[in-house]
Amino acid sequence: MGPQKVNEIADSGMPCVVALRRRDEGMLTKDRTLEIDGNRLTLLPTGPQRFDALIHLIDEAETSLRLLYYIYTADRSGAAVRTALLRAMDRGVAVSLLIDGFEAATRGKPISAS
């Protein structure tokens, strides 16, 4: 039997996790980007980095976007995300936005497309 993948069940019937390589072996660039099984993962440790990446991803979307938010606030950042989503919709991108009704309802102004 070859090497096991993450969360595969071992012969003992107990769940196991097997590291297939050193943790830092998959680092591709200094910007902390990894490629794992054909998927690219980039660590974005700061809020501004995450925000800039989110806006960039929205602006580069061609077909569809699916966003899920626990907290959405109609502040400067929220307005920038809303504006980027509206630009995407204007380009014909199908946009799905799911906002947690409990937390978002306590945050003030509602989000709307107008």
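Each remark here, short or long, concerns the structure printed above.
The structure reproduced in this document is the subject of the present report.

**Observations regarding the packing of helix α1 (residues 47-60) against helix α2 (residues 76-90)**
In the contact formed by α1 and α2, the axes pass within 9 Å of each other and the chain directions differ by 15 degrees. Judged by the inter-axis angle, α1 sits roughly parallel to α2. Crossing of α1 against α2: the hand is right-handed. Residue-level inspection shows F51, L54, I55, I58 and D59 of α1 in contact with α2, the latter providing S77, A80, V81, A84, L85, R87 and A88. The residue makeup of the contact of α1 with α2, split by class, is nine nonpolar, one polar and two charged.

**Details of the pairing of strand β4 (residues 94-99)**
As paired elements, strand β3 (residues 64-69) and β4 share six bridges and run parallel to each other. Its bridge partner lying in β4, Y69 is registered against I99. Of the crossover connections in this fold, the one passing from β3 over α2 to the parallel β4 is right-handed.

**Points about the layout of surface pockets**
In this model, the second largest pocket occupies a volume close to 270 Å³. Together, R40, L41, T42, L44, Q49, R50, A53, L54, H56 and L57 line the second largest pocket. Of all the elements in the fold, those that place two or more residues in the lining of the second largest pocket are β2 (39-42) and α1. With six residues, the single largest contributor to the lining of the second largest pocket is α1.

**Some details on the pairing of β2**
Two strands pair when backbone bridges link them, and strand β1 (residues 33-36) and β2 are joined in this way by four bridges, in the antiparallel orientation. Bridge assignment links L34 to a residue of β2, and that residue is L41. The hairpin formed by β1 and β2 contains two residues between the paired strands, and D37 there has a positive phi angle of roughly 50 degrees.

**Some points on the side chain of T33**
Topologically, T33 is positioned in strand β1. Within the structure, the side chain of T33 is placed 3.0 Å from the side chain of T42, a separation counted as a polar contact.

**Section: α2**
Counted at 1.5 Å a residue, the expected span for α2 with its 15 residues is 21 Å, and the 21 Å between its end C-alpha atoms agrees. Summarising the contacts, the buried residues of α2 are in contact with α1, β3 and β4. Where α2 starts, the residue carrying a side-chain oxygen 3.2 Å from the main-chain nitrogen of S77 turns out to be D75. Positive backbone phi, approximately 95 degrees, marks G92, located one or two places after α2.

How each quantity is defined
Residues numbered from 1 in each chain as written. Predicted model: local features only at pLDDT ≥ 70, side-chain atom pairs only at ≥ 80, totals over all residues. Heavy atoms only, no water. Axes fitted to C-alpha atoms, helices over the stretch in contact; angles between N-to-C directions. Helix = DSSP H or I, 4+ residues; strand = E, 2+ residues; numbered from the N terminus. Parallel < 35°, antiparallel > 145°, perpendicular 65-115°, else oblique. Left-handed = near helix turned anticlockwise from the far one by under 90°. Contact = heavy atoms within 4.5 Å. Nonpolar A, V, L, I, M, F, W, Y, C, P; charged D, E, K, R; others polar. Pairing = 2+ DSSP bridges. Right-handed = clockwise from strand over helix to strand, strands pointing away. 1 Å grid on protein atoms, 1.4 Å probe; cavity = no way out; pocket = protein on both sides within 12 Å on 5 of 7 lines; lining within 4 Å. Points joined across faces, edges and corners; volume = space filled by probe spheres on them. Polar contact = N/O pair within 3.5 Å; in protein donor to acceptor, adjacent residues only side chain to side chain. Expected span 1.5 Å × (residues − 1).

In short, geometric facts, not functional conclusions.
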